[in-house]
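# Chains, contacts and geometry: an overview
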Amino acid sequence: QKEVEQNSGPLSVPEGAIASLNCTYSDRGSQSFFWYRQYSGKSPELIMFIYSNGDKEDGRFTAQLNKASQYVSLLIRDSQPSDSATYLCAAPAGDYKLSFGAGTTVTVRA
Amino acid sequence: DVKVTQSSRYLVKRTGEKVFLECVQDMDHENMFWYRQDPGLGLRLIYFSYDVKMKEKGDIPEGYSVSREKKERFSLILESASTNQTSMYLCASSQTGTFNEQFFGPGTRLTVL
């Protein structure tokens, strides 16, 4: 089993809707989780990290962490065409490394 | 802001050539990483380094080597490039003692003909 799994997508949402992305992880000891956004042909950009159970909001983005169920999610409210990208979930793997999910591609339809 | 730079955005090489990809970070980070990213395969770790002159193999080290002579610079070397090494190469860095968040460079798209 991969350490970090993402729902495969792709996800297509209309402009203004909520996009919901999910990620599950296998290591119960994981303390922190990251969401990266990657535009086509570009490198991943860190947009959110969360380490406490519950919600963390940053503008139109909300990360949710449930350690008991071992999942982390990202909600994008009022989705815009500029949100069209691949979103990668990541969790620490050892002292230095991150384990990345395969990514979920989001397309926001105008 | 953390800045990670890579020597080239696009690179075209011929089979059998020795290829050097350079990565420099300006935030005094201890840890540096090299990944490759291919469609459908996600990010795969090639090598990483947690200190100067220290290196560890990642998931796919075959056909690659690395060098870290200075803290800010981490080089990826393809000793004899092959067509199956055509890929996007991404460098990242992170600070020890944080949550392991990594910051990526812009990437180098390497084509081996």
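For the structure given in this document, a descriptive report is provided here. In this text, all values refer to a predicted model and were calculated from it rather than measured experimentally.

The subject of this paragraph is the sheet that holds strand 1 (residues 4-6) of chain B. By definition, the strands of a sheet pair up through backbone hydrogen bonds, in either a parallel or an antiparallel sense. Residues and elements named next belong to chain B. With antiparallel pairing, the 4 strands of this open sheet are ordered in space as 1-3-8-7. A strand with exactly one partner marks an edge of an open sheet, and here the two such strands are strand 1 and strand 7 (64-70). Across the sheet, the mean angle from the axis of one strand to that of its neighbour is 20 degrees, orientation sign disregarded. Here 3 bridges tie strand 1 to strand 3 (residues 19-25), and the two strands are oriented antiparallel to one another.

Per the stated rule, a full pass over the model turns up 13 aromatic pairs over all chains. Geometrically, the ring pair formed by Tyr25(A) and Phe33(A) is tilted, given 4.4 Å between the ring centres and 40 degrees between the ring planes. In terms of burial, Tyr25(A) and Phe33(A) fall into one category: buried. For the pair Phe34(A) and Phe49(A), a centre-to-centre distance of 6.2 Å together with 35 degrees between the ring planes defines the contact as tilted. Taken as a pair, Phe34(A) in strand 4 (residues 33-38) and Phe49(A) in strand 5 (residues 45-50) lie far apart in primary sequence, 15 residues in all. Taken together, Tyr36(A), Tyr96(A), Phe100(A), Phe33(B), Tyr35(B), Phe48(B), Tyr50(B) and Phe104(B) form an aromatic cluster joined through their ring pairs. In this structure, Lys56(A) is placed above the aromatic ring of Phe49(A), and the distance from its NZ or CZ to the ring centre is 4.0 Å. For the cation-ring pair, Arg9(B) lies above Tyr10(B), with the distance from its terminal atom to the ring centre recorded as 5.5 Å.

Residues and elements named next belong to chain A. Taken in spatial order, the 5 strands line up as 1-3-8-7-6 in an open sheet, and their pairing is antiparallel. Of all the strands in the sheet, just strand 1 (4-6) and strand 6 (54-58) have a single pairing partner and so form its edges. Sheet twist, expressed as the mean angle between neighbouring strand axes with direction ignored, is 20 degrees. Sheet analysis places strand 3 (residues 19-25) next to strand 8 (residues 71-76), joined by 6 bridges and oriented antiparallel. Looking at the pairing, asparagine 22 lines up with serine 73 of strand 8.

Parameters at a glance
- Residues numbered from 1 in each chain as written.
- Chains lettered and ligands numbered in written order.
- Predicted model: local features only at pLDDT ≥ 70, side-chain atom pairs only at ≥ 80, totals over all residues.
- Heavy atoms only, no water.
- Pairing = 2+ DSSP bridges.
- Helix = DSSP H or I, 4+ residues; strand = E, 2+ residues; numbered from the N terminus.
- Axes fitted to C-alpha atoms, helices over the stretch in contact; angles between N-to-C directions.
- Phe/Tyr/Trp six-rings, centres within 6.5 Å; stacked < 30°, edge-to-face > 60°.
- Buried < 20%, exposed > 50% of the residue type's maximum accessible area, 1.4 Å probe, protein only.
- Lys NZ or Arg CZ within 6 Å of the ring centre and 35° of its normal.

Interpretation in functional terms is not warranted from these geometric data alone.
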